[in-house]
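For reference, the chains in residue letters:
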Amino acid sequence: MIKLAAFSELGLSEKTIKALAKKGFEEPSPIQALTIPVLLKGEKDVVGQAQTGTGKTAAFGLPILEMIDKSNGNIRAIVLAPTRELAIQVAEEINSFATGRKLKIVPVYGGQSIELQIRQLKKGVDIVVGTPGRVQDLIDRKILKLDKLEYFILDEADEMLNMGFVEDIEKILESTNKDKRMLFFSATMPKEILKIAQNHMRKDYEILKVETKELTTNLTDQIYFEVKQKDKFEALCRIIDLEPDFYGIVFCRTKNDVNELTGKLNDRGYDAGELHGDITQKHREVTLNRFKARKLSILVATDVAARGIDVNDLTHVVNYAIPQEAESYVHRIGRTGRAGKEGTAITFMTPSEYKKLLQIKRITKTDIRKEKLPEIKDVILSRKHRIIESITNILQEGELNGFVDMAKDLLKYGSPEEIVASLLKSAYEDVLDTSNYNEIEEATVDHTGKTRLFIALGRVDKITPKKLVEFIVKESNIDSSKIKGVEVYENFSFMSVPFAEAEVIIDIFKKVRKGRKPLVEKAKEKSSSNNGNKENSNEEKENTGNKRGRGSRKESSEGEKKSSSKPRTRSRAAKKEKQKEDK
């Protein structure tokens, strides 16, 4: 527990410290160190600003669990998240911290049976984590009662703003009691979010800000391999065998992936250990100690389980599964290239993940170069060189007593070349056997695919296709011939550009906004509705008389007329969320 002393100093209880130890925490992140003591004092509302992936869930989840501790039959806290994936993730994370506490934490979100969620809520819940649409729907049905709240938490507040949820948040707040504590967490702090804070928080609310660090990867040689999912294990084995002294961490996405890969590596004869959230603290400590002592050369881990690991001299970090966020990529590969020493970061990219790689390259502003996977003959040649090097080192050391007489006896049975060849066969035949390796199919990746961009400029802005192309070319310096499929509507436009150019344009325009949203962003994909495969797209809204402009998620005027005679069974926020999920 000595490593967790910093958490104890923040005011957390022994029960919470044990839960953190089980999850592999060692030191609080900056946002946790700032936020936890303030929330435990219970005096002020808080607006916390820190990058995504810096431990914001623990920053608010831990002190809330400390303050609630026991169930009283009411919903004590609600966390609003912009997406169902984040709602599930936050609920799971808070649940993992709640070990030893008889509290019920339930996620509610669109896409899952609302009847199932209603049954869970009726049984009694202490903390609800939900998306705005489903939360408002449950409020409208008088199932979700928020009049005895102690905490109202808004997670990823800037994303809420980007997705058009501000009005929904305001409406949900109308259903809550006035004396609750309010906590907002966000990577950026737009004025609209601060306006909500000013309108609904106590006047002495506190802004806690962690300075944004530049995402850097200076001392790490970064390469990627294009490989099919089924060939990843074979590719990893070749890379390990090619290196003279591989000592690294291999990152997987899930606990099951970690277990499966570790088992396959050990079956193949490698010294590998695993780290994930389900292993005991004792198992974790034993595995880490063996890895630090180099009794294990390979550590297979999830992102969460690997946090806080401090191991020097790693030669490699391997992204067996490409990370979902650029921050995670930087955190992973930052474990090599320490103390002035260079390291190597390897990423396996399947054909469908090319755009994700481009996004990581854009955000980290770094070059990740493509390499060709080593062939079987390259691996065998590398191993032969290491065998020769090992034997010549023994010769140079000269400590051959006890073996010279045996060597003289062996020379009676054949030439020196034959004797040496026999010894090599005896010792290394299995190591140099090409049948140990399987062939890897070439992965065909579409580098020329297109990304469709949405631009918040249209005819109302005196934009024509020619003027739009000229504007984008002037600002981004890309070749105009790369821009295709330009469509200009009343309030917005579309164009298609290659993957790489799309990332350049998005990066340049990321801070240029029109209203609440970026001026340029990736267009929503077209999808089919349930009644006749009608495209649910921005063009459709334009053509059905919706002149409210970009970013509106309300029904078209035509749709409203058609539905006006029917009773409303859903809130506007719930309809909006359903539309987003369909997309």
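Source: prediction; values computed, not measured.

S.K.: For this particular structure, what's the right way to read the overall build of the protein chain?
M.R.: A count of helices and strands for the protein chain gives 24 helices and 20 strands. Among the 583 residues that make up the protein chain, the fraction classed as buried is 48%. Pairs at least 24 residues apart make up 75% of the contacts formed inside the protein chain by residues separated by at least 6 positions. Accessible surface computed for the protein chain: about 29,800 Å², of which carbon and sulfur atoms make up 49%.

S.K.: Would you explain the pairing of strand β5 (residues 151-154) in this entry?
M.R.: Across the two faces of β5 the burial is the same, with Y151 and I153 and F152 and L154 all buried. Examined bridge by bridge, strand β2 (residues 77-80) and β5 share four bridges and lie parallel to one another. Across the sheet, L80 pairs through a bridge with L154, a residue of β5. For β5 and strand β6 (residues 181-186), the ladder comprises four bridges, and the chain directions are parallel. Each residue of the ladder has a partner; that of F152, found in β6, is M182.

S.K.: Would you mind showing me how to read the packing of helix α15 (residues 326-333) against helix α16 (residues 354-364) here?
M.R.: For any two helices packed against each other, the geometry comes down to the angle between their axes and how far apart the axes lie. With their axes 9 Å apart at the nearest point, α15 and α16 run at an angle of 75 degrees to one another. Judged on the interaxial angle alone, α16 and α15 are roughly perpendicular. When α15 is examined against α16, the residues A326, Y329 and V330 are found in contact with a partner set consisting of I360, I363 and T364. Residue composition of the contact of α15 with α16, by class: five nonpolar, one polar and no charged.

S.K.: Please explain the pairing of strand β15 (residues 450-455) as it appears in this structure.
M.R.: Along any regular strand, the residues point their side chains to alternate faces of the sheet. Both β15 and strand β17 (residues 493-498) contribute to a ladder of six bridges, which runs antiparallel. Within β17, the residue paired with T451 across the bridge is V497.

S.K.: Please clarify how the sheet that holds strand β9 (residues 248-251) should be interpreted in this entry.
M.R.: Within a sheet, each strand pairs with its neighbour through backbone hydrogen bonds, oriented either parallel or antiparallel. Spatially, the seven strands line up as an open sheet ordered β10-β11-β9-β12-β13-β8-β14, and their pairing is parallel. The open sheet has two edge strands with one neighbour each: β10 (272-275) and β14 (369-370). With four bridges joining them, strand β12 (residues 316-319) and strand β13 (residues 343-349) adopt parallel strand pairing. Paired with V318 across the bridge in β13 is I346. Contacting β8 (220-226), β9, β12 and β13, α15 crosses the sheet at an angle of about 150 degrees to β12.

S.K.: Looking at this structure, how should I read the packing of aromatic side chains?
M.R.: Aromatic ring pairs are reported here in terms of the distance separating the ring centres and the angle at which the planes meet. Scanning the entire structure with this criterion turns up 13 aromatic pairs. Relative to F25, the ring of F7 lies with its centre 6.0 Å away and its plane at 75 degrees, an arrangement referred to as edge-to-face. Remark: F25 occurs in the loop between α2 (14-23) and α3 (30-41) and F7 occurs in helix α1 (residues 5-9); sequence separation between them is 18 residues. This pair shows no difference in class: F7 is buried, exactly as F25 is. These aromatic residues form a ring-pair network of at least three members: F454, Y489, F492 and F494. Directly above the aromatic system of F494 lies the positively charged group of R452, at a separation of 4.1 Å from the ring centroid.

S.K.: Can you walk me through the side chain of E66 in this structure?
M.R.: One can find E66 in helix α4 (residues 56-68). By relative accessible area, E66 is classed as buried at 17%. If we ignore the near neighbours within four places in the chain, the residues touching E66 are L12, S13, T16, L40 and R101.

S.K.: Can you walk me through the sheet that holds strand β3 (residues 105-108) in this structure?
M.R.: Taken together, seven strands build an open sheet; the order of strands is β3-β4-β2-β5-β6-β1-β7 and the sheet is parallel. The open sheet has two free edges, formed respectively by β3 and β7 (206-209), since each of these has just one partner strand. Sheet twist, expressed as the mean angle between neighbouring strand axes with direction ignored, is 15 degrees. Those strands touched by α3 are β1 (46-49), β6 and β7, and its axis lies near 155 degrees from that of β7.

S.K.: What exactly am I supposed to notice about a nonpolar patch on the surface here?
M.R.: Residues I391, I394, L395, L400, F403, V404, V420 and L424 make up a contiguous nonpolar surface patch of about 670 Å² in total accessible area. Those elements giving two or more residues to the nonpolar patch turn out to be α17 (376-397) and α19 (416-428). Here the nonpolar patch gets three residues from one element, more than from any other, and that element is α17. With respect to the element layout, V420 can be found in helix α19. Looking at V420, the relative accessible area reads 45%, which means it is partly exposed.

S.K.: Quick question: what am I supposed to make of the side chain of T302 here?
M.R.: Note that T302 resides in the loop between β11 (298-301) and α14 (303-306). For T302, the residues in contact, after removing those within four places along its chain, are F251, C252, R253, T254, K255, V258, L275 and H276.

S.K.: What is the right way to look at the pattern of salt bridges in this model?
M.R.: Side-chain pairs of opposite charge can arise whenever the charged atoms involved come near each other. If you walk through the whole model with that rule in mind, you get 25 salt bridges. The partner of E234 in a salt bridge is R238, and the shortest N-O contact between them spans 3.7 Å. Of this pair, E234 and R238 are both found in helix α11 (residues 232-242), four residues apart, which corresponds to roughly one turn of the helix. E234 sits in the buried class, given a relative accessible area of 6%. Of the charged contacts in the structure, one is a salt bridge between K412 and D409, with a shortest N-O distance of 3.6 Å. On the accessibility criterion, K412 (65% relative accessible area) is exposed. For D409, a relative accessible area of 40% corresponds to the partly exposed category. Via salt bridges that share partners, K228, K230, D231 and E441 belong to a single interconnected network.

The rules behind these values
The residue numbering used here restarts from 1 in each chain and proceeds along that chain's sequence as written. In keeping with the model being predicted, local features are shown solely for residues with a pLDDT of at least 70 and side-chain atom pairs are shown and tallied solely at 80 or more, while totals for entire chains, interfaces and linings include all residues. As a convention, hydrogens and water are excluded, and side-chain values are obtained from all of the structure's heavy atoms. Only DSSP runs of H or I reaching four residues or more are called helices, and only runs of E reaching two or more are called strands; each is numbered from the N terminus. Burial classes: relative accessible area under 20% of the type maximum marks a residue as buried, over 50% as exposed, and values in between as partly exposed (1.4 Å probe, protein chains only). For this analysis, residues touch if any pair of their heavy atoms sits within 4.5 Å. The Shrake-Rupley method, run with a 1.4 Å probe, gives the accessible areas here. Residue values count only the displayed protein chains as cover. Here a strand pair is declared whenever DSSP counts at least two bridges between the two strands. Axes, fitted as lines to C-alpha atoms, cover a helix only where it is in contact. Angles between the N-to-C directions of the axes lie from 0 to 180 degrees. Note on terminology: angles under 35 degrees are roughly parallel, angles over 145 are roughly antiparallel, angles of 65 to 115 are roughly perpendicular, and the others are oblique. Each residue is assigned to one class: nonpolar for Ala, Val, Leu, Ile, Met, Phe, Trp, Tyr, Cys and Pro, charged for Asp, Glu, Lys and Arg, and polar for all the others, Gly among them. Aromatic rings from Phe, Tyr and Trp, with only the six-membered ring used for Trp, were paired whenever their centres fell within 6.5 Å, and each pair was classed as stacked if the ring planes differed by under 30 degrees, edge-to-face if by over 60, and tilted otherwise. Whether a charge sits over a ring comes down to the Lys NZ or Arg CZ being within 6 Å of the ring centre and within 35 degrees of the ring normal. Patch membership requires over 30% relative accessible area and the absence of a salt bridge. Like charges are linked within 9 Å, and nonpolar side chains (Val, Leu, Ile, Met, Phe, Trp, Tyr) within 5 Å. Salt-bridge detection follows one rule: a side-chain nitrogen of Lys or Arg within 4 Å of a carboxyl oxygen of Asp or Glu.

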